[in-house]
Amino acid sequence: MYAQMVKSTGTGVKSLDEMDPRERAFQERIDAGEKIEPKDWMPEEYRKTLIRQIGQHAHSEIVGQLPEGNWITRAPTLERKAILLAKVQDEAGHGLYLYCAAETLGVSRDEMTRMLLDGRMKYSSIFNYPTLTWADMGAVGWLVDGAAIMNQVPLQRTSYGPYSRAMIRICKEESFHQRQGFDIMMKMANGTAAQKKMAQDALNRFWYPALMMFGPSDKDSVHSAQSMAWKIKMNTNDELRQKFVDQTVPQAEYLGLTVPDDKLAWNEERGHYDFSEPDWDEFYDVLKGNGPCNRERLAARQKAWDDNQWVRDGLLAHAQKREAMKVAAE
Amino acid sequence: MSAADHEWPLWEIFIRGQHGLNHRHVGSLHAADAEAAIRNARDVYTRRNEGVSIWAVRADDIVASSPGKKGPLYEPANSKVYRHPTFFDIPDDVGAM
Ligand SMILES: [Fe+2]
Ligand SMILES: [Fe+2]
C-alpha cells in the first residue's frame, strides 16, 4: 500500500500473559477499541513502527504528486487542468496531515525529510513508474487512488488517534480523486480508436504495479501479525488485493477494456475473481531503488528541498526579526 | 543549532464550521508566523469551504491536562450525580419540566 513492508518488531506477538502490566493495559485499551493519544504511554516498538508507517504514507502522498504534476501543463482542456491541479493539491494536503500525525510521535518534519532523501525511509513503489500519456492520469486516479482508498478506509479505525483522524480527513477527499480518474478513462475509452488504444495501454502498464501496492503476499509478509494486534494494520495484503480486483474488473468491463491477465476468471465457488500475482521480483527491485523513475523522483525531492532552503530560512528570519521588534517596542 | 531549530514553529488550527458552531480543532501545521499560519490553514484545512473562521495557536502556548491524572482530575464531578436532571424523580402529573 502507501505503506508497504513496514518493519515492526521482529519477535512474535506476545500474549496478554507474557506482557508486563503497562503493555498489557495498553493492549487491552486497543482491544476495547480505545484510541491511543500522543501523550499516553505506548510501547517503544509501537511508536517506532507508527513513525515508519505514517512517515512512509506521508512521503507517498508527496512523491505521488510528481507523476501527476507531470501532466498539469499539458492537460487537454482548461477544465481538466483545473481538476488535476486540485487533485494534486489535495495530495499535498494529505502529506501534511500525515506528517503532522507522525510528528506527534516525536519525530520532526525535517528529520523525516532527511530520512526520505538519504533512503532510510521509503514511499510507495507505485510512484516509481512513469506517466507517459494523458490516459495515465485516468489510470492513476482510477487504479492508484482506488487501491489507496481500499487501504485507507479501514485505517480510519486504526488505534492511534492522530493517524485515525488524518485518515478520516483523507478518505473524505479521495472519492473525488478516483472519480475524476474514471471520468478520464470513460472519455478516452469512448473516444477515437487511438484514444481507446491509449486507455488500454495505460491499463496494461498500471494494472500490476497497482496490485503491488498492497504489498507482498500474506505468506511472505513478515510484519503483519504485530501490526494487526496493534490495529495499525486492519486487513491482510491479500484480502485487500482480492477486494480491489473484485471491485475493479467489472469497471474495466464497463469501459470495454481488457485487464492484462490471461488467468483472470470469476471463481463461482470462492465468490471472487482468480487472478495472476504481479512479478514480485520486479516489486523488490523497485523498492531497492531500481524502478524506472526512482532516481528521478528522489532527485526532484532533493532539488525542491535544496532550492527552497532560502525561502524557509528567510521567512523564519523575518518572523524572528519582527518578533524581536515587537518585544523591543513593549 | 540543531536541525529542528530551523523548522518553522508548529501551530494548532481551529476552525468554525458554517453553522454557528464552536471553533473545533482540526489539526496542526508549520508556519513562520501567525499570518502565514492562517494562510496555510486556509489551503490545508478549508479547500472545500469547511469553515468561516480560523484560529491559529502556537502549539507551545497550549496547556494540556495530563492523561495519567485522568482519575483525580475529574473525580470531583463523579460524586455529584445530582447535577444531572435525571437525579430527581418528578411525578408525571407535574407536566413538562
Ligand atoms: Fe492521497
Ligand atoms: Fe488521492
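This text follows the structure it describes.
Because the structure is a prediction, the values reported are computed rather than measured. (Residues numbered from 1 in each chain as written. Chains lettered and ligands numbered in written order. Predicted model: local features only at pLDDT ≥ 70, side-chain atom pairs only at ≥ 80, totals over all residues. Heavy atoms only, no water.)

J.: Looking at this model, I keep getting lost on helix H12 (residues 294-307) of chain A. Mind explaining?
T.: A turn of α-helix holds 3.6 residues, and therefore any two residues three or four places apart point the same way. All names here are of chain A. In a regular helix each residue adds 1.5 Å, so 14 residues correspond to 20 Å; H12 covers 20 Å between its end C-alpha atoms and thus fits that length. All of the buried residues in H12 are Asn294, Arg297 and Trp305. With its buried residues spanning 80° around the axis, H12 presents them on a single face. Opposite its buried face, H12 presents the exposed residues Arg295, Glu296 and Lys303, each directed more than 90 degrees away. Packing partners of the buried residues in H12 comprise helix H2 (44-63), helix H3 (65-69), helix H5 (109-117), helix H11 (280-290) and helix H13 (309-329). (Helix = DSSP H or I, 4+ residues; strand = E, 2+ residues; numbered from the N terminus. Expected span 1.5 Å × (residues − 1). Buried < 20%, exposed > 50% of the residue type's maximum accessible area, 1.4 Å probe, protein only. Arc of directions from axis to C-beta. Contact = heavy atoms within 4.5 Å.)

J.: Which parts of the structure should I look at to understand the sheet that holds strand S2 (residues 23-30) of chain B?
T.: Hydrogen bonds between backbone atoms are what pair the strands of a sheet, whose relative direction is either parallel or antiparallel. Residue and element names in this part refer to chain B. Pairing within the open sheet is antiparallel, and its three strands lie in the order S2-S1-S3. Edge positions in the sheet fall to S2 and strand S3 (53-58), since each of these pairs with one other strand and no more. Strand-to-strand twist across the sheet, computed as the mean angle between neighbouring axes with direction ignored, equals 25°. (Pairing = 2+ DSSP bridges. Axes fitted to C-alpha atoms, helices over the stretch in contact; angles between N-to-C directions.)

J.: Help me understand the pairing of strand S1 (residues 10-16) of chain B, please; the structure alone is not making it clear to me.
T.: All names here are of chain B. Counting buried residues along S1, five of its seven residues qualify, which places the element largely inside the surrounding structure. Bridge count between S1 and S2: seven bridges; the pairing is antiparallel. Its bridge partner lying in S2, Phe14 is registered against His25. Note: S1 against S3, six bridges, orientation antiparallel. Each residue of the ladder has a partner; that of Glu12, found in S3, is Val57.

J.: Where do I start with the coordination of the iron ion (ligand 2) in this structure?
T.: Tetrahedral metal sites with four donors have an ideal angle of 109.5 degrees; octahedral sites with six donors have ideal angles of 90 or 180 degrees. All names here are of chain A. Within the first shell, the iron ion (ligand 2) binds the protein through Glu91 (OE), Asp145 (OD), Glu174 (OE) and His177 (ND1), at distances of 2.0 to 2.3 Å. What the four donor atoms of the iron ion (ligand 2) show is an angle range of 84 to 170° at the metal, which sorts the shape as irregular. Summarised as a motif, the one-chain spacing of the donors to the iron ion (ligand 2) is E-x53-D-x28-E-x2-H. Between the iron ion (ligand 2) and the iron ion (ligand 1), the interatomic distance is 3.3 Å, and Glu91 donates to each metal, bridging them. Within this pair, Glu174 and its partner His177 are both found in helix H7 (residues 161-189), separated by three residues, close to a single helical turn. Judged on exposure class, the residue Glu174 and its partner His177 are both buried. (Donors = N, O, S within 2.8 Å, 3.2 Å for Na, K, Ca; no water. Tetrahedral: all angles 85-135°; square planar, octahedral: opposite > 155°, others 65-115°.)

J.: I tried to follow the pattern of salt bridges on my own but got confused; where do I start?
T.: Two side chains bearing opposite charge may form a pair once their charged atoms approach each other closely. Residue and element names in this part refer to chain A. Considering all chains together, one arrives at 30 salt bridges over all chains under this definition. As a salt-bridge pair, Lys87 and Asp145 come within 2.9 Å of each other at their nearest N and O atoms. Of the two residues, Lys87 is situated in helix H4 (residues 78-103) and Asp145 in helix H6 (residues 135-155); the sequence distance between them amounts to 58 residues. The buried category is assigned to Lys87, whose relative accessible area is 1%. (Salt bridge = Lys/Arg side-chain N within 4 Å of Asp/Glu carboxyl O.)

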